[in-house]
Structures are given as C-alpha cells and as structure tokens.
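# Results of the structural survey
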Amino acid sequence: MRSLLLLCCLSACASKAAPQPPRLSDPSKADDGGLVIEPLGVLEYDGEVSGELAVDVFDAYTFDASEGAIVTLDNSHRGTAAALDSVLYVYGPRDDNGFYGATPIAIDDDSGWGAHARLSELALPAAGEYLAVLGLTKDATPGHYRLTLACDSGQCVDTAPSVIVDATPLMVGEDAASQSFE
C-alpha cells in the first residue's frame, strides 16, 4: 500500500510541467519574435505591489540594484490567493537600448509559501535596472498576488548624492562692467 501511495505522489509531482520563461523582445529590433512586457511600475525595497494575475498574462515591475546587491523577491502568502501557483522571473540589467535580455537570470516556481514563487538571496550580476516578471504556471487558477522586494546585502541601491551641474553661462555685472563665467 505504501509503495502505491509513493508511486502516485511521484507521478503527480513528475506530471507538473516546468514553466517556460517568456523570451523578451529586444526594443532595438523591429520584430525578433520575443514577448513585449510593459512594466506596471517600480518595486521599491521594503515595499510591495499587488494585482490580479490572469492566464497568459505577465505582470512586471522594475527595480534598481547596485553592484553586489543580494535581494529577495517574494510572492508573499499574506495578500496572495492561497491557491495561486505563481512563477517569478528576473531579467536584467537593462542595457542602453532598454533591453533586459531575452532570457531570465533567475526563475522560481514553488520556493515560497505553498505554490507561491520566491527568489531568496538572489545575487545580482551588475548595477542597473532589473525587471521582475510574475506569471502563472500552466493550467493555474488566476488570482490576487502581493509581491515584495527586500535587500539582503545591507545596501542594494547607490545612495551617493546627485550633483547637478548647470552649463548655462552666467553674466555678472556691476557699474556697467560685466564678466561671464561657466
């Protein structure tokens, strides 16, 4: 009886198809056959986004990371439909043409709570903007999700102050004498 039960469990696990990651389209090419996914917004550290996942639709959010950043992206159980079977992809960093790369640098299907996706302690390869894409596994039931982003490495974004330089010449004058400097 135990052998039969174990065999049934193994066949059920084996029958779940591994999710195929979407191949993103390169915006610098006319039609490369990839999928165009428009980000819905920015995912901030220690922040969250939420929405409704539908069949054959991906929700995407951007986030910035500094060199050496280690992050966790979690399709959290709090605020997510219990039956949601999500898959999470991370692409990037974004290049000068706005392309995050055709294939993901990380994928997760079930490392979170239940069948929820979670990428823990993901070491990002370079500084830049990344794209987190959340979707459903094949034949999954649509539902509400909550996606969070946490910094595991202490500092995930460059916090150096920005310096603004104005290159417009400035005229200074006193008693009909003037000088200009830049």
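Residues numbered from 1 in each chain as written. Predicted model: local features only at pLDDT ≥ 70, side-chain atom pairs only at ≥ 80, totals over all residues. Heavy atoms only, no water.

Summarising the element assignment, G33 is placed in the loop between α1 (2–15) and β1 (41–42). In the structure, G33 is positioned 10 residues away from R23 in sequence and 8.4 Å away in space, judged by C-alpha atoms. (Helix = DSSP H or I, 4+ residues; strand = E, 2+ residues; numbered from the N terminus.)

What follows is about the pattern of salt bridges. Scanning the model with the defined rule gives three salt bridges in all. Between E48 and R146 there is a salt bridge; the shortest N-O distance is 2.8 Å. Here R146 lies in strand β9 (residues 143–151) and E48 lies in strand β2 (residues 47–53), a separation of 98 residues in the sequence. The exposure class of E48 is partly exposed, given its relative accessible area of 48%. Here D74 makes a salt bridge to R118, at a shortest N to O gap of 3.6 Å. Of this pair, D74 sits in strand β4 (residues 70–75) while R118 sits in strand β7 (residues 118–123), placing them 44 residues apart in sequence. (Salt bridge = Lys/Arg side-chain N within 4 Å of Asp/Glu carboxyl O. Buried < 20%, exposed > 50% of the residue type's maximum accessible area, 1.4 Å probe, protein only.)

With that settled, consider the state of the cysteines. One pass over the structure, following the stated rule, counts one disulfide. One disulfide in the model links C151 with C156; its S-S distance is 2.1 Å. One quick way to see it: the torsion about the S-S bond of C151 and C156 is about 85°, and its sign makes the bridge right-handed. By relative accessible area, C156 is classed as buried at 3%. (Disulfide = S-S within 2.5 Å.)

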